[in-house]
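# Architecture and fold: a report
Now for the letters of each chain:
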Amino acid sequence: MTQTIVVVGGALLDRGRLLAARRSAPPELAGRWELPGGKVEPGESPEHALARELREELGVTVEPVGRVPGEWPLKPGYVLRVWTARLLAGVPEPLEDHDELRWLTPEEIWDVDWLDQDVAAVEAVLAEWRPTEGVPGRACSS
Ligand SMILES: Nc1nc2c([nH]c(=O)n2[C@H]2C[C@H](O)[C@@H](COP(=O)(O)OP(=O)(O)OP(=O)(O)O)O2)c(=O)[nH]1
């Protein structure tokens, strides 16, 4: 039986902005924008995969915060699931898979050409996002 491959996308939120990344490869995706992330490896948790991918691709340390409800089909056999994440250390740089990064406010979110398959996922992030309240999904401490 072929298993569906889960791709984790990171909705990295910092100071009221969301990080978008422009893919540099493969050719059919290059130039379009996505949530940075990558494939969950066998036996790996999605949260671990997210932290690993963002360290490899962007050179930053992040804390996964919460899953954004939903699941979005990518190419056949692949689905996208999204976690919000908080930046703990580092300044994101396009080290791997991307050639440009942009921090977007909610008003700027549609200024970039998101991959078609990411549009619904970004809408779901936006629906949960309250910039003044910090990172969505984060447990409130009383
Ligand atoms: N990371 C990410 N990948 C996406 C998104 N939307 C989308 O269609 N994809 C596609 C691109 C790739 O075909 C696949 C993810 O693979 P990847 O190349 O980013 O993952 P990876 O780092 O684990 O891959 P690899 O280079 O190790 O093979 O999903 C998205 O928002 N984020």
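Residues numbered from 1 in each chain as written. Predicted model: local features only at pLDDT ≥ 70, side-chain atom pairs only at ≥ 80, totals over all residues. Heavy atoms only, no water.

### Some remarks on the side chain of Glu57
Note the following rule: Helix and strand labels come from DSSP, where a helix needs a run of H or I of at least four residues and a strand needs a run of E of at least two; each type is numbered from the N terminus. Residue exposure (1.4 Å probe, protein chains only): buried if accessible area is under 20% of the type maximum, exposed if over 50%, otherwise partly exposed. We treat Lys and Arg as the positive residues and Asp and Glu as the negative residues; His and chain ends play no part in the count. Every case where a carboxyl oxygen of Asp or Glu lies within 4 Å of a side-chain nitrogen of Lys or Arg is listed as a salt bridge. Should any heavy atoms of two residues lie within 4.5 Å, those residues are considered in contact.
Counting through the fold element by element, Glu57 comes out in helix H1 (residues 46–58). Buried charge without a salt bridge: Glu57, with Arg23 as the nearest opposite-charge side chain at an N-O distance of 5.9 Å. When near neighbours in sequence (up to four residues on either side) are disregarded, Glu57 contacts Pro36, Gly37, Glu93, Pro94, Leu95, Glu96, Asp97 and His98.

### Quick look at the pattern of salt bridges
Applying the stated rule across the entire model yields 13 salt bridges. Across the salt bridge formed by Glu34 and Arg23, the nearest N and O atoms sit 2.9 Å from each other. Of this pair, Glu34 sits in strand E3 (residues 33–34) while Arg23 is found in strand E2 (residues 17–23), placing the two residues 11 residues apart along the sequence. Neither residue differs from the other here; Glu34 and Arg23 are each classed as buried. Asp113 is the salt-bridge partner of Arg32, the closest N and O atoms lying 3.1 Å from each other.

### Some words on the nonpolar core
In a soluble, globular protein the nonpolar side chains are often hidden away together inside. Our working rule: As used here, the term nonpolar core means buried Ala, Val, Leu, Ile, Met, Phe, Trp, Tyr and Cys residues forming a set that is joined through side-chain atoms within 4.5 Å.
Counting 21 residues, the largest nonpolar core has Leu18, Trp72, Val82 and Trp114 as the members making the most contacts within it. Every element with two or more residues in this core is listed here: strand E1 (5–14), E2, strand E5 (61–73), strand E6 (78–89) and helix H2 (119–128). No other element matches H2, which puts 4 residues into this core. In this structure, Trp72 is in contact with Tyr78, Val79, Leu80, Val82, Gln117, Ala120, Ala121 and Ala124, ignoring residues within four places of it in sequence. Leu50, Leu54, Trp83 and Leu101 belong to the second-largest nonpolar core, a separate cluster that totals 18 residues.

### Some words on the packing of aromatic side chains
Just so we agree on the cut-off: By convention, a stacked pair of Phe, Tyr or Trp rings (six-membered ring in the case of Trp) has centres within 6.5 Å and planes under 30 degrees apart, an edge-to-face pair has planes over 60 apart, and any other such pair is tilted. A positively charged side chain is recorded as over a ring if its NZ (Lys) or CZ (Arg) lies within 6 Å of the ring centre. The angle to the ring normal must also be within 35 degrees.
Per the stated rule, a full pass over the model turns up 0 aromatic pairs. Stacked on the ring of Tyr78, the Lys or Arg Lys75 has its end atom at 4.4 Å from the ring centre.

### Focus: the site of the ligand
We apply this condition: The rule for a residue being near a molecule or strand is that one of its heavy atoms must lie within 4 Å of it. Whenever a nitrogen or oxygen atom comes within 3.5 Å of another N or O atom, the pair is scored as a polar contact, on the condition that within protein one atom can donate a hydrogen and the other can accept it, and that pairs from neighbouring residues in sequence are kept only if both atoms are in side chains. Note on areas: Shrake-Rupley with a 1.4 Å probe; residue coverage comes only from the protein chains shown.
Of all residues adjacent to the ligand, which total 16 residues, the nearest are Leu35, Lys39, Lys75, Gln117 and Asp118. Leu35 is positioned such that a nitrogen or oxygen atom in its backbone is 2.7 Å from a nitrogen atom of the ligand. One of the side-chain N or O atoms of Lys39 is found 2.8 Å from an oxygen atom in the ligand. Expressed as a share of its isolated accessible area of 620 Å², the protein-covered part of the ligand is 78%. Those elements that provide at least two residues to the shell around the ligand are strand E4 (37–39) and H1.

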